[in-house]
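Descriptive structure summary
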Amino acid sequence: MKSVNISCIGYEIAADWYEGSDCVLLVLPGFTSSKANYKDLTAAIISKTGTSALVIDYSGHGESPFDVQDITIMENFSEVVRAYDWLKKHYPDKAINVMGTSYGGFFAAMLAGVRDVNKLVLRVPANYAPKDLYTPWRELDREQIRNEYRADPNNFKEHPVLAHGQSFKGTAYVLTHELDEACPKSSTDPYIKVFGAEAWEAKGFVHGLAKSKFTQAQLEEYQDKIAGWLNK
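Throughout what follows, the structure given in this document is the object of discussion.

What counts as what
- Residues numbered from 1 in each chain as written.
- Predicted model: local features only at pLDDT ≥ 70, side-chain atom pairs only at ≥ 80, totals over all residues.
- Heavy atoms only, no water.
- Helix = DSSP H or I, 4+ residues; strand = E, 2+ residues; numbered from the N terminus.
- Buried < 20%, exposed > 50% of the residue type's maximum accessible area, 1.4 Å probe, protein only.
- Contact = heavy atoms within 4.5 Å.
- Areas by Shrake-Rupley, 256 points an atom, 1.4 Å probe, with all protein chains shown as cover.
- Lys, Arg positive; Asp, Glu negative; His and termini not counted.
- Charge placed at Lys NZ, Arg CZ, Asp CG, Glu CD.
- Pairing = 2+ DSSP bridges.
- Right-handed = clockwise from strand over helix to strand, strands pointing away.
- Salt bridge = Lys/Arg side-chain N within 4 Å of Asp/Glu carboxyl O.
- Polar contact = N/O pair within 3.5 Å; in protein donor to acceptor, adjacent residues only side chain to side chain.
- Phe/Tyr/Trp six-rings, centres within 6.5 Å; stacked < 30°, edge-to-face > 60°.
- Lys NZ or Arg CZ within 6 Å of the ring centre and 35° of its normal.
- Axes fitted to C-alpha atoms, helices over the stretch in contact; angles between N-to-C directions.

The next point concerns the overall build of the protein chain. Each helix and strand in the protein chain was counted, giving six helices and eight strands. Starting at the N terminus and walking to the C terminus, you meet the elements of the protein chain as β-β-β-α-β-α-β-α-β-α-β-α-β-α. Along the first, second and third principal axes, the C-alpha set of the protein chain runs to 45 × 40 × 35 Å. Among the 232 residues that make up the protein chain, the fraction classed as buried is 55%. Pairs at least 24 residues apart make up 71% of the contacts formed inside the protein chain by residues separated by at least 6 positions. For the protein chain, the exposed surface amounts to about 10,500 Å²; the carbon and sulfur share of it is 49%. For the protein chain, the distance from the average position of its 25 positive side-chain charges to the average position of its 30 negative side-chain charges is 3 Å.

To continue, consider the pairing of strand β4 (residues 52–56). The buried fraction of β4 is high, at five of five residues. Residues Ser52, Leu54 and Ile56 of β4 are buried on one face, and the alternating residues Ala53 and Val55, pointing to the opposite face, are buried as well. With four bridges connecting them, strand β3 (residues 24–28) and β4 associate as parallel partners. Its bridge partner lying in β4, Leu26 is registered against Leu54. Between the parallel elements β3 and β4, the chain passes through helix α1 (residues 39–49) in a crossover that is right-handed.

The tally for this structure, following the rule as stated, stands at 12 salt bridges. Between Arg115 and Asp85 there is a salt bridge, and its shortest N-O distance comes to 2.8 Å. Linking Arg115 in the loop between α3 (103–111) and β6 (119–123) with Asp85 in helix α2 (residues 73–90), this pair joins segments that are 30 residues apart in sequence. We classify Arg115 as partly exposed; its relative accessible area is 31%. Since its relative accessible area comes to 31%, Asp85 is described here as partly exposed.

Our focus in this paragraph is the environment of His90. Within the secondary structure layout, His90 lies in helix α2. For His90, a relative accessible area of 41% gives the class partly exposed. Within the structure, His90 has its side chain in polar contact with the backbone oxygen of Trp86 (distance 2.9 Å).

Turning next to the packing of aromatic side chains. Applying the stated criterion to the full structure yields 21 aromatic pairs. Ring centres of Phe205 and Phe214 lie 5.4 Å apart, and the angle between their planes is 5°; on these two criteria the pair is classed as stacked. The rings of Phe31, Tyr58, Phe77, Tyr103, Phe106, Phe107, Tyr128 and Trp137 are connected pair by pair, giving a single aromatic cluster. Cation over ring: Arg150 sits above Tyr128, and NZ or CZ is 4.9 Å from the ring centre.

What follows deals with the sheet that holds β3. If you trace the eight strands from one edge of the open sheet to the other, you get β1-β2-β4-β3-β5-β6-β7-β8, paired in mixed fashion. Each of the sheet's edge strands pairs with one partner strand only, and the pair in question is β1 (2–7) and β8 (198–202). Each strand axis lies, on average, 20° off the axis of its neighbour in the sheet, ignoring direction. The pairing of β6 with strand β7 (residues 171–177) spans five bridges and is parallel. If you follow Leu120 over to β7, its bridge partner there is Ala172.

All we've got here are geometric facts, nothing functional implied.
Below is the structure:
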């Protein structure tokens, strides 16, 4: 693994690059998480698939600059697009797969609408109201988003990000957690439907993998589900 910087307008975001095979996996962490928190999962997937991987820190996260409270969702998404374009520039002949978790799952689905994504892995994907995408995080009500917005399935009937699933030409896989209260089925099931995705539910897991209680066998199964699907 080596550290790389991805240029944005007037600043850079930090990323970790893992050299592997002919495919590339762009890994998009959850909100307030960092690439450091994805080392174990990324390493496991690489060992089971041989893929290359790029794991990024959005601005306001990990080793990247700025205060997350000053950042908007769309500003972080613009960095996701730049990370994809960095991969395409440096590895033009490699198919690009994307794995996003929660906040990153939302970005992964959005990216599939503006760039060519081969395989799409959405882990407990979050969703946000279009009106909130350009509002700094300090002005957003996270509890309202989690407990009210995502609980109402009517909010996802004509959601613009979910609309990307209608034209998506790749394949998708959605992983949900049985005890997830942050991203309930009312907000994750629509991803499965519109992307025509295969799906698997991790029994006994809460939203965050690090906060879940599991055995080594359960963790291995979790890793194998992702790696096995990527290897198809």
